[in-house]
Amino acid sequence: MTDPAKASDSNASVEKPSVSVVMGSDSDLPKMKACLKALEEFDIPFEVDVISAHRTPDRAHEFATQAQPRGIKVIIAAAAGAAHLAGVVASLTTLPVIGVPISSSALHGVDALHATVQMPPGVPVATVGVDASKNAAILAAQILAIADSNLRGKLEAYKSSMAEAVLEKSKKLKQTLGSQ
Ligand code: AIR
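Just so it is clear, the structure is predicted and the values come from calculations on it, not from any experiment.

S.K.: Would you take a moment to explain the overall build of the protein for this structure?
M.R.: Counting its secondary structure elements, the protein contains six helices and five strands. In sequence order, the secondary structure elements of the protein are arranged as β-α-β-α-β-α-β-α-β-α-α. On C-alpha atoms alone, the protein measures out to a radius of gyration of 18 Å, which is about the 16 Å that the 2.2 N^0.38 rule sets for 180 residues. Each of the 180 residues in the protein was classed as buried or not, and the buried ones make up 37%. Taking the intrachain contacts of the protein between residues at least 6 apart in sequence as the baseline, contacts between residues at least 24 apart amount to 70%.

S.K.: It is not clear to me how the site of the ligand should be interpreted in this structure. Could you clarify?
M.R.: Looking at the ligand, there are 16 residues lining it, with G24, S25, S27, S52 and A80 nearest. Taken together, the residues of the shell around the ligand sort by class into seven nonpolar, seven polar and two charged.

S.K.: Looking at this model, I keep getting lost on the confidence of the model for the protein. Mind explaining?
M.R.: This prediction gives the protein a mean pLDDT of 94; 92% of its residues lie at or above 70. Taking the mean pLDDT of every element in the protein, the minimum, 97, falls on helix α6 (residues 149-178) and the maximum, 99, on strand β3 (residues 74-80).

S.K.: Would you mind showing me how to read the domain arrangement of the protein here?
M.R.: Think of interface size as the accessible area that goes away when the parts come together; that is how it is often given. Along its sequence, the protein is carved into domain 1 (4-147) and domain 2 (149-180). The distance between the C-alpha centroids of domain 1 and domain 2 comes to 29 Å. With five residues of domain 1 in contact, the opposing surface of domain 2 contributes four residues.

S.K.: Looking at this structure, how should I read the sheet that holds β3?
M.R.: Sheet strands pair by backbone hydrogen bonding; their relative direction is either parallel or antiparallel. One open sheet accounts for five strands, arranged β2-β1-β3-β4-β5; its pairing is parallel. Strands with a single pairing partner mark the edges of an open sheet, and in this sheet they are β2 (46-50) and β5 (126-127). Inspection of the sheet shows strand β1 (residues 19-23) paired to β2 by five bridges, in the parallel sense. Each residue of the ladder has a partner; that of M23, found in β2, is V50. Sheet contacts for helix α1 (residues 29-41): β1, β2, β3 and β4 (97-102); angle to β1, the most-contacted strand, approximately 175°. Sitting on the sheet, helix α5 (residues 133-145) touches β1, β3, β4 and β5, and the angle it makes with β3 is about 165°.

S.K.: Can you walk me through the pairing of β3 in this structure?
M.R.: For a regular strand, side-chain orientation follows a simple rule: the groups alternate between the two sheet faces. For β3, the buried fraction is high: seven of the seven residues fall into the buried class. Side chains V74, I76, A78 and A80 project from β3 onto one buried face, and the interleaved I75, A77 and A79 project onto a second face that is buried too. Here five bridges tie β1 to β3, and the two strands are oriented parallel to one another. Pairing of S20 across the sheet is with I75, part of β3. Crossover connection from β3 via helix α3 (residues 85-91) to parallel β4: handedness right-handed.

Each value, and the rule that gives it
- The residue count restarts for each chain, going from 1 along the sequence in the order it is written.
- Totals for whole chains, interfaces and linings use every residue, but because this is a predicted model, local features are given only for residues with pLDDT of at least 70 and side-chain atom pairs only at 80 or more, for both listing and counting.
- Helix numbering and strand numbering both begin at the N terminus, where a helix is a DSSP run of H or I of at least 4 residues and a strand a DSSP run of E of at least 2.
- Two things to know: the radius of gyration comes from C-alpha atoms, and the globule rule equals 2.2 Å times the number of residues to the power 0.38.
- Counting other C-beta atoms within 10 Å of a residue's own tells you its class, since 20 or more makes it buried, 12 or fewer makes it exposed, and anything in between is partly exposed; those C-beta atoms are placed from the backbone.
- Note that contacts rest on C-beta atoms placed from the backbone: two residues are in contact if these are within 7 Å.
- Residues are classed as near a molecule or strand if the C-beta position derived from their backbone is within 6 Å of it.
- Classification convention: Asp, Glu, Lys, Arg as charged; Ala, Val, Leu, Ile, Met, Phe, Trp, Tyr, Cys, Pro as nonpolar; all other residues, Gly among them, as polar.
- For every residue, the predictor states its confidence as a pLDDT score lying anywhere from 0 to 100.
- Each domain span listed reflects an automatic or database assignment of domains.
- DSSP calls a pair of strands paired once it identifies at least 2 bridges connecting them.
- Simply put, an axis is a line fit to the C-alpha atoms, just over the touching stretch for a helix, and the angle between two N-to-C directions goes from 0 to 180 degrees.
- Viewed with both strands pointing away, a crossover whose connecting path from the first strand over the helix to the second turns clockwise is right-handed.

Given below as structure tokens:
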């Protein structure tokens, strides 16, 4: 499962994966690199694959029904255009499915956003913003952290570092404006 151009330039995990990242085509990989990088930074074991709800529907079905028995805990599914991958997967599993709408030239991701987020009642897909694949990784981490205090600690440290960066920006902004 894991090639897509060697994940985020390094490795998808050798450990048993808890997150599965699937995308409709390898052409989605550039937009998904931020997701893979963030999963690596949080030391979350993951796998990566290309599965198309339209071009390989049987494979999508097999993947979705086998993910939970294989030990996967969270699925991240990305696609552009008529982005039905996340929804189809969500229809076949009780695992949480995070959808990443990918932008393309024709409609700039609005098509994928609507296709991913507008699920019928009973079949939710937790949809992040267009191309916001890093947020998909962070949300997956937050779901896993419910039962993993070590990961929760890493998320707390991440949030603290973001807050510090904003305070730093605030300080710099005041210095710049004060010196004008
Ligand atoms: N796609 C593939 N199967 C179903 C969908 N929606 C999407 C991929 C990719 C786009 O179609 O997610 O973003 C174009 O794929 P390709 O392979 O032609 O580059």
